[in-house]
Structures are given as structure tokens and as C-alpha cells.
Amino acid sequence: MRRIVIFASGAGSNTEKIILHFKNSTFAKIFAVFSNKANAGVLEIARKNGIKSIVFDREEFENGGVTRQIEEIKPDLIVLAGFLWKFPADIIALYPDKIINIHPALLPKYGGKGMYGKYVHEAVLHNKEKETGITVHYVNEHYDEGEYIFQKVVNIEQCTSPEEIAQKVHELEHEHFPKIIEKLLQ
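Parameters and conventions
- Residues numbered from 1 in each chain as written.
- Predicted model: local features only at pLDDT ≥ 70, side-chain atom pairs only at ≥ 80, totals over all residues.
- Heavy atoms only, no water.
- Helix = DSSP H or I, 4+ residues; strand = E, 2+ residues; numbered from the N terminus.
- Rg over C-alpha atoms; globule rule 2.2 N^0.38 Å.
- Buried < 20%, exposed > 50% of the residue type's maximum accessible area, 1.4 Å probe, protein only.
- Contact = heavy atoms within 4.5 Å.
- Areas by Shrake-Rupley, 256 points an atom, 1.4 Å probe, with all protein chains shown as cover.
- Lys, Arg positive; Asp, Glu negative; His and termini not counted.
- Charge placed at Lys NZ, Arg CZ, Asp CG, Glu CD.
- Arc of directions from axis to C-beta.
- Pairing = 2+ DSSP bridges.

Student: Can you help me understand the overall build of the chain in this one?
Tutor: Within the chain one finds seven helices and seven strands. Along the chain direction, N to C, the helices and strands of the chain fall in the order β-α-β-α-β-α-α-β-α-β-α-β-β-α. Here the chain has a C-alpha radius of gyration of 16 Å; the compact-globule value for 186 residues is 16 Å, and the two agree. Along the longest, intermediate and shortest principal axes, the C-alpha atoms of the chain span 45 × 35 × 30 Å. In the chain, which comprises 186 residues, the share counted as buried stands at 47%. Counted over contacts in the chain with a minimum sequence separation of 6, partners at least 24 positions apart contribute 67%. Summed over its atoms, the accessible surface of the chain is roughly 9,600 Å², and 47% of this surface lies on carbon and sulfur atoms. Taken together, the 23 basic and 25 acidic charged side chains of the chain have centroids lying 4 Å from each other.

In C-alpha cells:
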């Protein structure tokens, strides 16, 4: 059984799709959801699905406390699904090419520190882009600079707000992210 851990900071819509995708799998299982926010919606999703959730603070993240908890699980893949902190070098070193992230744009455009969620969609709209999409990539020591695994494009010429763009991007994320995770684990 392949072991997956998820890191998330928000509502958890991608995490929920991943959990549902693997719910009856004999191949892979979500072993834990880690969050840096005690009130994150993703924790309720984990609880409802009987998945262990772990809340941590900045100190535990940077001093090795979270690393020790990850090592107890021995995951085959660490998935960042709306997790906003830069990942520590010690975890990246322990799990080379086993930590992935999803970004709500076609990298290298609209990536880097501070470029997440609505900020990405606002920038895409402001720059009058005709298309945007998603990028699944490996995590390295720099924001959004790891090797790309998958990109998918969506036309946004008819979109007039960041919210409309976000809706189209979420549809892509929900459709493709669980499948990419499964493919990486095979």
C-alpha cells in the first residue's frame, strides 16, 4: 500500500478530491493531513473521512518536529494541496522527487513568493491573458521552481473576474490532480 500525506492550509477542496479518489483504493491511501492552521477547513474533511490530522506551528515546521512526524509515516509521496509555507530543506532532502505541489497557473508565469490563490487569478486577469491553467511540479528549495510534472491549459477569454478564472482552474485541479498523484505512485 502506497502512503500519501497531504499538506494544506485552507478549505481543502483539492484534498477532498484526492481523498475521494483513493478512498476505496487497494493501491494507495492517505495516511495523514498536515496543516499549519488549526481552523483550516481541510481538517474537518480529514476528520469526516477518518484520516489522521496533524496541526503544527512555524517552530515545529522549522525545528524538525514535523519532519519526525513525517518519518514515522514513511510516505511514498508528500502532496502540497494549497499549502502556503516554503517547504524546509531537511524534508526536501529526505524525500527527493517525492514532494509535489499544484500551482493555479501555467508556470513559470505567475509563480513565486506571494503568488497563490486569488493573487494569481487577479494577475492573470490584469494582464489580459487569454488562457491560464494548472501546473503540478516537484518541490525544491525555491517557490514554484521545481521540475514540471504536468500542465493543463484552459481558455479564459470570456472570464471577467478573478472568481470566474478561479472556478475554471479549480475544475482542472479537481479533475487532474488525483490522477497525476496515482500515476506518480505507479
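Student: Before we go on, may I ask you to explain helix H6 (residues 117-126) in this structure?
Tutor: Because an α-helix completes one turn every 3.6 residues, residues spaced three or four positions apart along the sequence face the same direction. Within the sequence span of H6, burial applies to Val-120, His-121, Ala-123 and Val-124. Angularly, the buried residues of H6 cover 160° about the axis, an arc narrow enough to put them on a single face. Contact partners of the buried residues in H6: strand S5 (99-103), strand S6 (131-138) and helix H7 (162-185). Directly beyond the C-terminal end of H6, a positive phi value near 55° is found at Lys-128.

Student: Would you mind going over the side chain of Thr-67 with me for this structure?
Tutor: Tracing the backbone through its elements, the reader meets Thr-67 in helix H4 (residues 65-73). Thr-67 has contacts with Asp-90, Ile-91 and Leu-94, leaving out every residue within four places of it along the chain.

Student: So what exactly am I meant to see when it comes to the pairing of S6 here?
Tutor: Remark: a regular strand shows side chains that alternate across the two faces of the sheet. Summarising burial for S6: seven of the eight residues are buried, a large majority. The pairing of S5 with S6 spans four bridges and is antiparallel. Looking across to S6, one finds that Asn-101 is bridged to His-137. Across seven bridges, S6 lies against strand S7 (residues 148-155) in antiparallel orientation. Counterpart to Glu-131 in the pairing with S7 is Asn-155.

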